[in-house]
Every structure is written in C-alpha cells, then in structure tokens.
Amino acid sequence: PRLSACVPGPATAGPGTHALSLGYHYDEYALVSDGYGVATWKHGEPDTPLSRYGGRTRTQAVYAQDAWQWSERWQLTYGLRYERWRAFDGGIGNAASYLRYPERSEAHASPKLSLAYQVSDDWRLRLALARAYRFPTVAELFQGSIAGVAIINNNPNLKPENDLSRELSAEWYRGNQQARFSLYWSDTRNTLFSQTDVTVVPSITNVQNVGRVRTRGAEADYQGQGVIWPWLDLAANAAYTQATVLEDRQFPAAVGKQFYRVPRWRA
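Residue indices begin from 1 for each chain and proceed along its sequence in written order. Reporting in this predicted model follows two pLDDT cut-offs: at least 70 for local features of residues, and 80 or more for side-chain atom pairs to be given and counted; totals over whole chains, interfaces and linings ignore these cut-offs and use all residues. Computation of side-chain values covers all heavy atoms of the structure but excludes hydrogens and water.

What follows covers the overall build of the protein chain. Helix numbers and strand numbers start at the N terminus; a helix is a DSSP run of H or I with at least 4 residues, a strand a run of E with at least 2. The helix and strand inventory of the protein chain stands at one helix and 13 strands. The N-to-C order of helical and strand elements in the protein chain reads β-β-β-β-β-β-α-β-β-β-β-β-β-β. Computed over the C-alpha atoms, the radius of gyration of the protein chain is 24 Å, more than 25% above the 18 Å expected from 2.2 N^0.38 for a compact globule of 267 residues. Dimensions of the protein chain, computed from the C-alpha atoms along their principal axes, are close to 75 × 40 × 35 Å. Only protein chains enter the accessibility calculation, which uses a 1.4 Å probe. A residue is then buried if its area is under 20% of the maximum for its type, exposed if over 50%, and partly exposed in between. Taking all 267 residues of the protein chain together, the buried fraction comes to 37%. Looking at the protein chain alone, contacts between residues at least 24 apart form 62% of all its contacts between residues at least 6 apart. Charge assignment: positive for Lys and Arg, negative for Asp and Glu; neither His nor the chain ends contribute. By convention, the charge on Lys lies at NZ, on Arg at CZ, on Asp at CG and on Glu at CD. Where the 29 positive side-chain charges of the protein chain centre and where its 25 negative ones centre are 5 Å apart. Taken over C-alpha atoms, the radius of gyration is set against a globule rule of 2.2 Å times the number of residues to the power 0.38. Throughout, a contact is declared for two residues whenever any of their heavy atoms are within 4.5 Å.

What follows covers the pairing of strand β12 (residues 234–247). Whether two strands pair comes down to DSSP finding at least two bridges between them. Both strand β11 (residues 204–224) and β12 contribute to a ladder of 13 bridges, which runs antiparallel. What sits directly across from A218, in β12, is Y240. Two elements, β12 and strand β13 (residues 265–266), share two bridges in a ladder whose sense is antiparallel. Bridging from a neighbouring strand, A239 pairs with R266 of β13.

Bringing the side chain of D66 into the picture now. Within the secondary structure, D66 is located in strand β2 (residues 48–69). For this document, the term salt bridge refers to a Lys or Arg side-chain nitrogen within 4 Å of an Asp or Glu carboxyl oxygen. No salt bridge is formed by the buried D66; the nearest opposite charge belongs to K112, separated by 12 Å. Polar side-chain contacts of D66 include one of 2.7 Å to the side chain of H18. Two N or O atoms form a polar contact when they lie within 3.5 Å of each other; inside protein one atom must be a possible hydrogen donor and the other a possible acceptor, and for residues adjacent in sequence the pair counts only when both atoms belong to side chains. A polar atom in the side chain of D66 sits 2.5 Å from the side chain of Y78. If we ignore the near neighbours within four places in the chain, the residues touching D66 are H18, A19, L20, L76, T77 and Y78.

In this structure, L31, W85, A87, L141, F142 and L158 are the most contacted members of the largest nonpolar core, which totals 13 residues. Broken down by secondary-structure element, the contributors of at least two residues to this core are β3 (74–94) and α1 (138–142). With residues near it in sequence (within four places) discarded, L141 still touches T57, W85, A87, R104, P136, N154, N155, P156 and L158. Residue types Ala, Val, Leu, Ile, Met, Phe, Trp, Tyr and Cys, when buried and joined through side-chain atoms within 4.5 Å, form a set referred to as a nonpolar core. With seven residues, the next largest nonpolar core counts F193, A243, V245 and A254 among its residues.

So, on to the confidence of the model for the protein chain. By definition, pLDDT measures how confident the predictor is in each residue, and it falls between 0 and 100. Chain-level statistics for the protein chain give a pLDDT mean of 90 and a share of 92% at 70 or above. Counted against residues more than four places away or in other chains, residues 1–11, with its pLDDT under 50, gives 35 contacts.

In this section: the pattern of salt bridges. Across all of its chains, the model carries 16 salt bridges by this definition. Two residues, R212 and D187, come together in a salt bridge whose shortest N-O distance is 3.3 Å. Of the two residues, R212 sits in strand β11 while D187 sits in strand β10 (residues 177–197), which places them 25 residues apart along the sequence. When salt bridges with common partners are traced through the structure, they connect R124, R126, E167 and E171 into a single cluster.

Here we come to the packing of aromatic side chains. We call Phe, Tyr and Trp rings a pair once their centres come within 6.5 Å, taking the six-membered ring for Trp, and we label the pair stacked below 30 degrees between planes, edge-to-face above 60, and tilted otherwise. What the rule picks out here adds up to 10 aromatic pairs. Ring pairs connect the aromatic residues W68, W70, W74 and Y117, which therefore count as one cluster. The side chain of R52 reaches across the aromatic face of Y98, ending 4.3 Å from its centre. Our definition puts a charge over a ring when NZ of Lys or CZ of Arg is within 6 Å of the ring centre and also within 35 degrees of the ring normal. The side chain of R86 reaches across the aromatic face of F88, ending 4.2 Å from its centre.

A cluster of nonpolar side chains, W68, W70, W74, Y78, L113, L115, L127, L129, L168, F181 and L183, forms an exposed patch at the surface whose accessible area comes to about 940 Å². Of all elements in the fold, only β3, β5 (104–118), β6 (123–134) and β10 reach the threshold of two or more residues within the nonpolar patch. The class for L168 is partly exposed, based on a relative accessible area of 39%. Each patch is built from residues lacking any salt bridge and having more than 30% relative accessible area; the joining distance is 9 Å for like charges and 5 Å for nonpolar side chains (Val, Leu, Ile, Met, Phe, Trp, Tyr). With residues, only the protein chains shown are counted as cover, and all accessible areas are computed by Shrake-Rupley using a 1.4 Å probe.

Omega for the bond connecting V201 with P202 falls within 30 degrees of zero, at -5°, which places this linkage in the cis form. Positionally, P202 belongs in the loop between β10 and β11. At N190, a position not held by glycine, the phi torsion is positive, near 60°. Within the secondary structure, N190 is located in strand β10. Relative accessible area serves as the criterion here: at 21%, N190 is assigned to the partly exposed category.

Judged by its relative accessible area of 23%, R212 is partly exposed. Along the chain, R212 and A132 lie 80 residues apart, while their C-alpha atoms are 15 Å from each other. In contact with R212, not counting residues within four places along its chain, are D187, T188, R189, T244, V245, L246 and E247.

What follows is the structure, encoded as structure tokens:
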C-alpha cells in the first residue's frame, strides 16, 4: 500500500501542538456458495447437491496517531495500528463429502512514521516509513468447487501480505493549486496473487503467496482549481514503477520479471 500524506496541506499549527487521532475498525465477510443440479435448467428447482464451499473472516483493529508540530518548520507524525484477524467456518465439498477447515487467527502491529520539514510557505519536504499487513479475503481463502472430477482448489492457509514502504516527497501549495513529486520504494512479502504452481504434478492454479516483490518508482501529481479561468479545474499525474519479483517458489520463471499487472508507466 502507498503512503498517503499523513497531514494534508502545509503545517499551520503552532509549535508544541499535537493532533491526536484514535479509531476502532471492524469488518466481517461471509462467502456461501452451494451448487445443485436441476431437472430442467430454465425452470427446475434445486435438486441434487453438487458442490459447496465458503467461510467467514473477521478483522478487529485499534489505531492511534499523533501529529506533533514541535517547531514552526518541523512536524513529526507517528502512529500504530493493532489488528486481529480470524478465518473460520470454512470448508469445501461435493454431494458425497464435506471437508471443514480448522479455524485460524493472526494478530499484527503496523507502525508508521512521517517527518515533514516546511522549507517555505509554498514548499514542504516529507519522509515517511510504514509497515502494513493485508489479510487474505474470504474469496481468496475459500472460493473453489468440486464437481465430478473437476476441482477448483482454494488455499485456506494463505499468509497475509507484509509490506514495508518508504516515501520521500516534495509538496508545493499555492492558493488553489498543489503539486507533489514522490520517490517510493517498498518490499512486500507473501504477495497474494492467482498464479500456477508448476512445482507439483498436475500443476495447480489458485491464489498463492508470492515470496517477495520489490517496488521502486517515482510519481508527479498536480491539482488546481480555477486555473487560468475560474471555471477550469485541472488534475494530472504520471508515474513510473518498477515492480520486480525477487522470490517465487511456485513459479520460478517469474523471478527477475516485472510483477503481473503493474505497468511501468501510468499517466
């Protein structure tokens, strides 16, 4: 995940002030998919059970963040998010049997740190560092099916993505205009992605953990309201991203290549 600006706009608070944010997060997702045979496909009622899969996930988190304006030009923003995740009630089966998966739970702490320096009224420099986790979704964990000899595999043992991100940015503000230039780099372990495991016979295609992906890039962004004429707003950006697969045990041919679906240039 990219690091967004911890505090929008140039610093305006006086020296020694704090801006504290506290929060609680809760989400729960359920996936239920039951397949049945019907006597007539258009008007028949569900008849013979064919396949069944599903499960539930739940995440609870608390977080706290403080933006400390320790001088007129320097601001330090620091925070911590603690979250606990559960996966339960998962299983897969067909008309003959049903395999129930064991319950899983994990807990992680995600710290963030941002240091900003107000160069002038118009310019600010910012260095940010953060760690974040993304837990598998209910579909990534449990979606699959068994129908006759056709099996769509799922993987209830997927690990969460583990990302360490850094960003150095220069931000410019003037009136109703703002611009930003950023250099960003991150290392993500256990990236969740659907690919083919060629190390087993027969090969399996499903959502898997890609060992390690390194991302480096630069981005320029501009937003303006009332540019040239009062009725004209402009927004533009351009980004170059080099996302390289460093480890991929299930699909070794991907190592050293650009990561799937990440274009080098976007504008």
